[in-house]
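# Structural features, examined
Read off the chains here:
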Amino acid sequence: MERPNEIRPKQYTHIDYEGLLIYAMKNRRSIEESLKELDIDIARSTVGRNLKKLKNESKGTNQVIEFYRDLYVPNMQTMPEWLKAMIEKLPDKDVIIKDKFEDLHQILLQMKQVVDESGGNISEAARRINEGSTSLGNIKNITPQGLRKDMLRLQQIEKAIAKKDEIETERE
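Per chain, residues are indexed from 1 in the order of the written sequence. Thresholds applied to this predicted model are a pLDDT of at least 70 for local features of residues and 80 or more for the giving and counting of side-chain atom pairs; totals over whole chains, interfaces and linings are not thresholded and use all residues. Only hydrogens and water are removed before side-chain values are computed, so all heavy atoms of the structure are retained for them.

## Some points on the packing of helix α1 (residues 17-26) against helix α4 (residues 63-75)
Fitted lines through C-alpha atoms serve as axes, helices being fitted only where they are in contact, and the angles separating the N-to-C directions of these axes extend from 0 to 180 degrees. Strands are runs of DSSP state E lasting at least two residues, helices are runs of H or I lasting at least four, and both sets are numbered from the N terminus onward. At a minimum axis distance of 9 Å, the contact between α1 and α4 shows a crossing angle of 35°. Between α1 and α4 lies a crossing of left-handed hand. Contacts from Glu-18, Leu-21, Ile-22, Ala-24 and Met-25 of α1 reach α4 at Val-64, Ile-65, Phe-67, Tyr-68 and Tyr-72. Only Asp, Glu, Lys and Arg are considered charged, only Ala, Val, Leu, Ile, Met, Phe, Trp, Tyr, Cys and Pro nonpolar, and every remaining residue, Gly among them, polar. Residue composition of the contact of α1 with α4, grouped by class: nine nonpolar, no polar and one charged. Definitions for this section: a left-handed crossing has its near helix turned counterclockwise from the far helix by less than a right angle. A right-handed crossing has that turn clockwise. We call two residues in contact when some of their heavy atoms are within 4.5 Å.

Following this line, the structure appears as structure tokens:
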């Protein structure tokens, strides 16, 4: 992989956003600084969208988000001791909960299986996927061209995973 941004997941399901807020608060950082430190390549607006979604799912009662918004942000510059003590009591959580390509890789592997079952015929595989009669469930409007691109994307991801595994093996 030549450039680190060559492959991007379509969704950011590998990040625990509460963990990100806790990390930012415990390290006295902004979200942007925390993303940079953790080498997470997503926009601040994406984090905001996901935090809003998380808050809505918890019916507006997510204590970590409320704590961050109501106490940490207004007092970030001049942090009172009582707030520092409260932050230190927050539980440590992993920010990155799985490899960022794990979900995408699984979906693409399922698509490849449909292509293989269709004898390598991309058009037939796209038709079967659009019917919803595959293990992928109800995916609609996938074109043969889009499926072909997804198969190329699978190759790129597998190369990136192999390179990552190779680097981890060398470190050990």
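Now that the structure has been shown, the text picks up again.
## Side note on the side chain of Ser-34
Counting through the fold element by element, Ser-34 comes out in helix α2 (residues 31-37). Relative accessibility decides the category of a residue: with a 1.4 Å probe and only protein chains considered, values under 20% of the type maximum give buried, values over 50% give exposed, and everything between is partly exposed. Exposure remark for Ser-34: the relative accessible area of 0% places this residue in the buried category.

## Digging into the pattern of salt bridges
Oppositely charged side chains can pair when the atoms bearing their charge come close. Salt bridge, as used here: a side-chain nitrogen of Lys or Arg that lies within 4 Å of a carboxyl oxygen of Asp or Glu. Tallying each qualifying case throughout the model produces 12 salt bridges. The salt bridge partner of Arg-29 is Glu-37, with a shortest N-O separation of 2.3 Å. Using a relative accessible area of 39% as the deciding quantity, one classes Glu-37 as partly exposed. Linked through salt bridges whose partners overlap, the residues forming this network are Asp-16, Glu-18 and Lys-93.

## Re the packing of α4 against helix α5 (residues 81-89)
Any two packed helices are characterised by how steeply their axes cross, that is the angle between the axes, and by the distance between the axes. Where α4 meets α5, the axes come as close as 11 Å, and the angle between the chain directions of the two elements is 135°. Judged by the inter-axis angle, α4 sits oblique to α5. Of the two possible hands of crossing, α4 and α5 adopt the one that is left-handed. Contacts from Phe-67, Leu-71, Tyr-72 and Asn-75 of α4 reach α5 at Trp-82, Leu-83, Met-86 and Ile-87. When grouped by side-chain class, the residues that make up the contact of α4 with α5 number seven nonpolar, one polar and no charged. Any angle that is under 35 degrees is reported as roughly parallel, and any over 145 degrees as roughly antiparallel; angles of 65 to 115 degrees are reported as roughly perpendicular and all others as oblique.

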